[in-house]
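A look at the structure
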Amino acid sequence: MEPENVTVEDIKTSIELKLQTLFGRTFQNASESQIYKALATTVSEYITVDWAYSKERVRKQGAKQVYYLSMEFLMGRFLENNLMNLKIRDKVKKAFEELDADFDNIQKMEPDAGLGNGGLGRLAACFLDSMATLGLPGHGNGIRYEYGLFQQKIKNGRQVEMIDPWLEYGNVWEVSKSEEPQLVHFGGALDYYHEDERLKVRYLNSQCVKAIPYDIPILGYQSSLINTLRLWGARALKPLDMGLFSKGQYVDALAEKELAEVISKMLYPEDIHEEGKHLRLKQQYFFVSASIQSILKKYKNTNKDLMEFYKNIAIHINDTHPALAIPELMRILMDEEGLNWTQAWLITRKTFAYTNHTILPEAMETWSVELIKSLLPRIYDIIVEINERFCRELWELYPGQWERIRRMTILSDQRVHMAKLAILGSGSVNAVAELHGEILKKDTFKDFYQLYPEIFKSITNGISHRRFLLLANEALAEKISEKIGNGWITRAEELEKLMDYAHEDKLQQDLRIIRRKKKKELADYIFHHSKIEVNVDSIFDTQIKRFHEYKRQLLNVLYIMHLYNQILENPKKNTHPRTFIFAGKAAPGYHRAKLIIKLIHSVAELINNDKTIEGKIKVVFIENYNVTLAQMIIPASDVSKQISTAGKEASGTGNMKFMLNGAFTVGTLDGANIEMQKALGKENIEIFGLTEEDILKFRKEGSYHPYKIYEDNPELKRVLDQLVDGTLEPEEPDLYREIFQDLLFGINREADPYFVLKDFEPYCRANEKIGELYQNQKKWWEIAIKNIAKAGYFSSDRTIHQYSNEIWGLHPLDP
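Residues numbered from 1 in each chain as written. Predicted model: local features only at pLDDT ≥ 70, side-chain atom pairs only at ≥ 80, totals over all residues. Heavy atoms only, no water.

1. Description of the pairing of strand β3 (residues 151-155)
With 5 bridges connecting them, β3 and strand β4 (residues 158-162) associate as antiparallel partners. Residue pairing in the sheet places Q152 in a bridge with E161 of β4. Remark: 2 residues form the turn of the hairpin made by β3 and β4, two consecutive strands paired antiparallel; N156 in that turn has positive phi of roughly 55 degrees. (Pairing = 2+ DSSP bridges. Helix = DSSP H or I, 4+ residues; strand = E, 2+ residues; numbered from the N terminus.)

And the structure:
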């Protein structure tokens, strides 16, 4: 049955039937988890027929397809997104009303898919949504992690990592394709030999792992095209050694199974030890090898000429984690398909495109030569050959310029540099914001840009405006449609029409009411989970993102301490109450980031329990941040903090989600904040602090002296001294001394490398302006409407249009 023809009665009948056939229960005695599965199975059946026809349409039309390879896909919950895209959400809600059941509780039975960590994975999810909505044949390829990154618990103010068993009760949305496995080889030795006048290779004593595909349908909004997210699970060729088992050696009998299946066991295993590095490299090669084999096999089923491969297939690598796909395609084309090096390299470079996501030197992925050589011997040989051919080219172009050649070589200092491999093997290299693109061209990849200027592009990131407005803020979406029609849902640029209503009192009042309701929902959630009571009429000032020093949650905490000090000194200070909201995870091995989380909790403990300030400040940390929580927090936020050190954030997408929901942004000139300011005008966003040029000058001249700032600013000095004088932790006064020392003197690095102290005073001034602006409610809500109106440019639909036109060469499928 077509979803648009489904009635409320059909939905009720199907749920009841599924409960009986799947669980032997009726609706009245079924658990909420069983009801969720019955509903999800019902919705899946509405999808599967169109999913099958979509594959057939792509095949018949001979459409070019793109495969998006990513270690992460932060999808959120599938049910609510699928109901929205099928446009049957209201019918399902009505069905549950008639069944006298709480639909919201049923939705909560679905865990967030544990397939990602932060912006990288959420961007990939937004891209899949936009590709399907725009009718572009595009598929995701990743790993089916049995456990997600981790569930974050806060105990005594400290982050504790718990396993995230998101697959514990299965995944209704996936279809196992165990009959379509791919074999992936690790380690062993290589035997090179000649046959039919060409060099061939075979593996000796290698570990062979079976990759099982699990397919998930990806729907677009009002689109007949359904794409696929293919996730690979690792399985042993021989799950049990019967000989050992029969001898009672039960653990040894399962050793091969455990060694194989650990590959897809967990997202981002800790890599501070050699075993962790070994496993991460295995994960990367496992999924790209399985993906490339699968893509080639499908292509050969309908096409015979491999020299036409790149005209029909584009492969996009999301950062450098999937960069081993480049030598893997070379391996298959040469070793299995019989092409020579020149043919294989031509196809490879015309097939691949690479998105760079970082300019942090420490985040540039490298692997030890020894590790790749031992774990992936054939891939290592191909990388060596790529490098040697490239170096010969460089020697001819730049004779005698040995330092330049050293900077560009893939292999140096016994490391394999993955970004360089990705650039060399791709026909397109793109940044994710304008400033990011300039930094790549002028600094990070300057040498490569001078050699291959034509392959470098800047395409600003985007977000799924449907998930983060139509789904997350339904009342606001309805109000927008009431004003400008609903064309904006598929054409986000139409949000611009709201500019005509920015001064309208009625719309401003409606938005105020909608925001307050969302704040009440979030306040209830906070009280239920943290027992902290927050003032719904306070300014909700939010910083939610992965914890990293360059994102400068520390700067925000220091300002909160400063504001607290001001109120203590002047209790009558005219300060509008403010609730500071934090959320985000720190990597398990990132000690400093975890210490900053502890600092936030120490500050919260001090402030939230001080009755003398009469609730003018509250500090809240919401644990276990994920997509579903983002959909609750963002629509409730008045202020969005995007305060990374200038030149460090490639783009950011959280800033766009807040803008879409009308929050006021306080940020640095970094990432997409620059383009947001350009769209909004300087008067509708608060930009503060050093620019990238300022920071480069400080570094070049060595003229940054944080201790002098500390000495010259008594308010800052007081805040920093409170880190170590027992104000925060009377029984452990030295807990934050390392932060104090690092900011002023540096610990095994330069002092204050992220310029927190230099930007402290301008940040304080920016926050003062927020308080002043909020007093003028008419101006505040006028700016909120302008933010929403100008957010259309930051839709991932626009981003994917650009990728399709400028990189992939895709065309929408004929209806």
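2. Brief notes about unusual backbone geometry
With phi around 55 degrees, Q222 is a residue other than glycine that occupies positive phi space. Locating Q222 in the fold gives a position in the loop between β9 (207-219) and β10 (226-236). We classify Q222 as exposed; its relative accessible area is 53%. Notably, D752 is not glycine yet its phi reads approximately 45 degrees, a positive angle. Structurally, D752 is set in the loop between α31 (737-744) and α32 (760-775). Taking relative accessible area as the criterion, D752 reaches 2% and is therefore assigned buried. (Buried < 20%, exposed > 50% of the residue type's maximum accessible area, 1.4 Å probe, protein only.)

3. Here's the deal with the packing of aromatic side chains
Scanning all chains against the criterion turns up 24 aromatic pairs. Aromatic pair Y710 and F740: ring centres 6.0 Å apart, planes at 85 degrees, arrangement edge-to-face. A residue pair is termed long-range when its members are at least 10 positions apart, and Y710 in helix α29 (residues 706-712) and F740 in helix α31 qualify at 30 residues. A single burial state applies to Y710 and to F740, both of which are buried. Members of the aromatic cluster, joined through ring pairs, are Y68, F127, Y803 and W808. Sitting over the face of the ring of Y193, R202 holds its NZ or CZ atom 4.2 Å from the ring centroid. For R349, the ring lying beneath its charged end belongs to Y452, and the centroid distance is 5.1 Å. (Phe/Tyr/Trp six-rings, centres within 6.5 Å; stacked < 30°, edge-to-face > 60°. Lys NZ or Arg CZ within 6 Å of the ring centre and 35° of its normal.)

4. Observations concerning the packing of α32 against helix α33 (residues 777-790)
Remark: α32 packs on α33, axes separated minimally by 5 Å, with the N-to-C direction vectors making an angle of 105 degrees. It follows from the interaxial angle that α32 and α33 lie roughly perpendicular. Counting all contacts with α32, which are made through I770, L773, Y774 and Q775, the residues of α33 involved are Q777, K779, W780 and I783. Class assignment of the residues belonging to the contact of α32 with α33 gives a composition of 5 nonpolar, 2 polar and 1 charged. (Axes fitted to C-alpha atoms, helices over the stretch in contact; angles between N-to-C directions. Parallel < 35°, antiparallel > 145°, perpendicular 65-115°, else oblique. Contact = heavy atoms within 4.5 Å. Nonpolar A, V, L, I, M, F, W, Y, C, P; charged D, E, K, R; others polar.)

Keep in mind these numbers describe shape, not what the thing actually does.
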